[in-house]
Amino acid sequence: MYDKLWLRYEGGYIETIEKIVRRVVLSCRQRSDVLNTAVTELETVFPAEVIIGENAGEEHAPTGEGFSIRNRNGVFTISSQTGGGVLYGVFAFLRLLHIGKINEGFVGLDDSPKISRRMLNHWDNLDGSIERGYAGGSLWKWDRLPKVDRRYIDYARLAASVGINGTVLNNVNADAAFLSHTYLEKTAILADMFRAYNIQVFLSANFAAPVNSGGLPTADPLHNAVRAWWRDKAAEIYALIPDFGGFLVKADSEGQPGPYLYGRTHVDGANMLADFLAPYGGIVIWRAFVYGHGESDRAKKAYADFKPLDGQFRDNAAVQVKNGPIDFQPREPVHPLFGAMEKTGLFLELQITQEYLGQGKHIVFLGPMWKEILNFGIRDPHGEMQASQLSDPVGKVLEEKKLAGIAGVSNTGDNDDWCGSLFHSANLFSFGRLSWDWTLSCTDIAREWAVLTWGRDLSVVDAVVNILTHSWDACVDYMTPLGLHHIMRYENHDGPDPGCEQGERADWKPPYYHCADAKGLGFDRTRKGSNAVDQYARSLADLFDNIETCPEKYLLWFHHVPWDHVLGSRRTLKDELTFRYHRGVESAKQLRTWWKQVEGRVPHDSYQSVLNKLDVQVAEAHEWEAVCVAYFMNFTK
Ligand code: GCW
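Residues numbered from 1 in each chain as written. Predicted model: local features only at pLDDT ≥ 70, side-chain atom pairs only at ≥ 80, totals over all residues. Heavy atoms only, no water.

### Here's the deal with the layout of surface pockets
Definition in use: The distinction between a cavity and a pocket rests on a 1 Å grid over the protein atoms alone: a 1.4 Å probe fits inside a cavity but cannot get out, while a pocket stays open yet meets protein on both sides within 12 Å along at least five of seven lines, and a residue with an atom within 4 Å of a point counts as lining. Grid points are joined across faces, edges and corners, and a volume is the space filled by probe spheres set on the points. Amino acid classes used here: Ala, Val, Leu, Ile, Met, Phe, Trp, Tyr, Cys and Pro are nonpolar; Asp, Glu, Lys and Arg are charged; the rest, including Gly, are polar. Where each domain starts and ends comes from a domain assignment, either automatic or drawn from a database.
The volume enclosed by the largest pocket comes to roughly 360 Å³. Contributing to the lining of the largest pocket are 24 residues, with Arg132, Glu254, Asp327, Glu355 and His493 lying nearest its centre. For the lining of the largest pocket, the residue count by class is ten nonpolar, three polar and eleven charged. Per-domain counts for the lining of the largest pocket show at least three residues from each of domain 2 (117-440) and domain 3 (474-636).

### What about the sheet that holds strand β10 (residues 283-287)?
Note the cut-off: Pairing between two strands requires that DSSP report at least two bridges joining them. Helix and strand assignments follow DSSP, with helices taken as H or I runs no shorter than four residues and strands as E runs no shorter than two, numbered in order from the N terminus. Here an angle of 0 to 180 degrees is reported between the N-to-C directions of two axes, which are lines fitted to C-alpha atoms, with helices fitted over the stretch in contact.
Judged by pairing direction, the barrel is parallel, and its eight strands sit side by side in the order β6-β7-β8-β9-β10-β11-β12-β15 before closing back on the first. Taking the axes of each pair of neighbouring strands and ignoring which way they run, one obtains an average angle of 25° across the sheet. Two strands pair when backbone bridges link them, and strand β7 (residues 166-168) and strand β8 (residues 200-204) are joined in this way by three bridges, in the parallel orientation. Across the sheet, the residue bridging to Thr167 is Val201, located in β8.

### Considerations on the site of the ligand
Quick note on the threshold: Only a single heavy atom is needed: when it lies within 4 Å of a molecule or strand, its residue is near that molecule or strand. In protein, a polar contact means a hydrogen-donor-capable atom and an acceptor-capable atom, both N or O and within 3.5 Å, with residues adjacent in sequence counting only if both atoms are side-chain atoms; elsewhere, any N or O pair within 3.5 Å suffices. Note on areas: Shrake-Rupley, 1.4 Å probe, and residue coverage restricted to the protein chains presented here. The rule for placing a molecule in a cavity or pocket is simple: more than half of its atoms must lie within 2 Å of the grid points.
Surveying the vicinity of the ligand reveals 14 residues, the closest of which are Glu131, Lys250, Arg287, Lys322 and Glu355. The contact in question runs from an oxygen atom of the ligand to an N or O atom on the side chain of Arg132, over 2.8 Å. At 2.6 Å from an oxygen atom of the ligand is found a side-chain nitrogen or oxygen belonging to Lys250. Surface burial for the ligand is 98%, taken as the share of its 340 Å² of free accessible area covered by protein chains. At a threshold of 2 Å from the grid points, most atoms of the ligand map onto the largest pocket. Its residues assigned to classes, the shell around the ligand comprises three nonpolar, three polar and eight charged.

### Quick notes on the domain arrangement of the protein
For the record, the criterion: Contact criterion: two residues are considered in contact whenever any of their non-hydrogen atoms come within 4.5 Å of each other. Buried area: the accessible surface (1.4 Å probe) lost by two parts on joining, summed over both. Note on definitions: salt bridges are taken to be side-chain nitrogens of Lys or Arg within 4 Å of carboxyl oxygens of Asp or Glu.
Here the protein is partitioned into domain 1 (5-111), domain 2 (117-440) and domain 3 (474-636). Across the boundary between the two partners, domain 2 contributes 44 residues, which contact 43 residues of domain 3. For the pair domain 2 and domain 3, the two sides together bury roughly 3800 Å², of which 58% comes from carbon and sulfur. Interface area lost by domain 2 to domain 3 is led by Arg331, Lys361 and His362, which between them contribute 17%. At the boundary of domain 2 with domain 3, the tally comes to four salt bridges.

### Comments concerning the packing of aromatic side chains
Each aromatic ring pair is characterised by the separation of its centres together with the angle its planes make. To keep things clear, this is the line we draw: Side-chain rings of Phe, Tyr and Trp, where Trp is taken by its six-membered ring, are said to pair if the distance between their centres is within 6.5 Å; with planes under 30 degrees apart they count as stacked, over 60 as edge-to-face, and otherwise as tilted. Each residue is placed in one exposure class: buried if its accessible area under a 1.4 Å probe, protein chains only, is under 20% of its type's maximum, exposed if it is over 50%, and partly exposed if it falls in between. Geometrically, a lysine NZ or arginine CZ counts as sitting over a ring once it is within 6 Å of the ring centre and also within 35 degrees of the ring normal.
The full count for this structure, using the stated rule, is 37 aromatic pairs. Taking 6.2 Å as the distance between ring centres and 35° as the angle between the ring planes, the aromatic pair formed by Phe67 and Trp436 counts as tilted. In this pair, Phe67 is assigned in strand β3 (residues 67-72) and Trp436 in helix α12 (residues 425-436), connecting sequence segments 369 residues apart. Here the aromatic rings of Tyr536 and Phe544 are separated by 5.2 Å at their centres, their planes lie at 80°, and the arrangement is edge-to-face. There is no split in this pair, since Tyr536 and Phe544 are both buried. By the ring-pair criterion, three or more aromatic residues cluster together here, those being Trp229, Trp230, Tyr238, Phe244, Phe247 and Tyr280. In this structure, Lys322 packs its charged tip against the face of Phe289, placed 3.3 Å from the ring centre. Above the plane of the ring of Trp557 lies Arg525, whose end atom (NZ or CZ) is 4.9 Å from the centre.

### Quick notes on helix α13 (residues 442-454)
Filter applied, for reference: Here the expected length of a helix is defined as 1.5 Å per residue gap, with one fewer gap than residues.
Helix length check: α13, at 13 residues, gives a terminal C-alpha distance of 17 Å against a target of 18 Å (1.5 Å per residue), a fit within 8%. Two residues or fewer after α13 comes Gly455, characterised by a positive phi angle close to 95°.

### Description of the pairing of strand β9 (residues 246-249)
This is how it is decided: The definition of a right-handed crossover adopted here requires that, viewed with the strands pointing away, the path from the first strand over the helix to the second runs clockwise.
Relative to β9, β8 runs parallel, the two sharing three bridges. By the bridge assignment, Phe202 is partnered in β9 with Gly246. In this structure, β9 lies alongside β10, joined through four bridges in parallel fashion. Looking across to β10, one finds that Val249 is bridged to Trp286. Taken together, β9, helix α8 (residues 266-277) and β10 constitute a β-α-β crossover, and its handedness is right-handed.

### Focus: the packing of α12 against α13
Rule in force here: Just so you know how the angles are binned, under 35 degrees is roughly parallel, over 145 roughly antiparallel, 65 to 115 roughly perpendicular, and the rest oblique. Left-handed describes a crossing in which the near helix is turned anticlockwise from the far one by less than a right angle; the clockwise case is right-handed.
α13 packs onto α12 with a crossing angle of 130° between their chain directions and a minimal axis gap of 10 Å. In terms of orientation, α12 lies oblique with respect to α13. Both α12 and α13 take part in a crossing whose hand is right-handed. Of the residues in α13, those touching α12 at Ser425, Ala426, Phe429, Ser430, Arg433 and Leu434 are Ile445, Glu448, Trp449 and Leu452. For the contact of α12 with α13, a count of residues per class yields six nonpolar, two polar and two charged.

Okay, here's the thing in structure tokens:
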């Protein structure tokens, strides 16, 4: 019953809706497959005679993907100049009806996306497995295509309903075979289906594909044969998929090939691809997730490599930057590149799948974390003033770019529940909603998801919203309080292992990050240490650099703090650390207590499956506390 996630449209709404809505008119410039999809979506709720599609749209209908909804005595008109806009209008209309925000008194509303590219990144492999996937195997059944799976359309509906307009089908650790003709034909079938939902298809490209799949001796981006290979590949792709979105590239990172391998730069690599995609309107999204080689502090590497390249990338090339400088930790300060690439297109990369945050086991709502990043005042135009409300938040930096996007590493898989549990889909939902409008409130988004998924019973909704809105704080406390990071187990990044010495590289090992010793704890990134602070605008750098002004949530990220240093609570670091780990466990228990209040108000098997998750979460929170407190306290003796 929950396999439709937030598109269930159940719970006695139909009667209420029939009282409010006499007729729905869709108004758009031209007929299109996307407009037909909008009609089909309305038909899931309303009888066909209620719906009228109109060809000649209103002159003043919103442009692009924006839409307006107007109510005149029960006749609702949803208009946009584009089919995509109407489709988003229809999904918004249905959502608002179901959560009770559209009633007799409703007059109208206008909405349009703040960020133009809203993408899912699937780390799905050719063999059907998913890197860092916790909800089963890949949704894409490559060996069965061209046979079509029912879930392709279900996927497109879910994505479109929250405003997603692009999807990268395969893992950034990309198999070159995805660019072979056989796989491009299969990709074209998915693209044909998703097109009707206003979703553009992209592929991750292996930079050495001319070697691995083309049989050339080199993939040097300045080599003529290599360039010819990519130019022909682009022509081949666009012959099959005329609206192909472009390439996502992980280059010179964690063993992936890239231009550095051939003595060239990121700009050489990205611009070559950009030039061959440009005639067709395609883009290149070049990831900035690079580390190692010549930086003593991993957190500094991406900025060090990319900042000097600002201004050299083509207009249809963007740099995709993770939210923080290390790697999708439970909490990181914002990535300094968001304040530094003034002349380059930028994508913010978020991770919906919970690689470092309890994976498929813990209920952790990521909306508040993403808001912390999007609201982060990163760009300080004057450089001298105090970091304040006046500086531009990351969301605004993106909004003002000509080429910008938000990408989410998807948590979807082929399990019945799609995302790993009955609660994990809240993250997919909120990712879509925030990528559409980063100024939305997380609590509102949580409430929307709760009503759409669990129904209108207020006591259930309140419990669900409480669980969601408190879960991230709980997780940060029981895993990595006060700015700690990367202290997970080596193999799968799951569970605590602060003393782990496994792994070939120093910057994979927890002790590299926490730097615990007899004196104190934390990575010194101040001007006396690695000086990562100076990658931020002056006012922010000053704020982070001073142990007295550095926000406590980032304290051990930026400072090596003496064990007896006194914090805002008047506790010493030693005591505060112990206190926070324990508070995390208590908060995890509180999540479970809230859930227990809904027993008997939701179907029993659903109740039980969530309870089982929360039991595991509480047990693992205990484990985090026990392991970390014992480990760190050893240094204080
Ligand atoms: O978070 C790390 C993951 C890798 C991932 C890499 C990346 C796709 O552990 O599995 O590889 O980041 O983002 O490229």
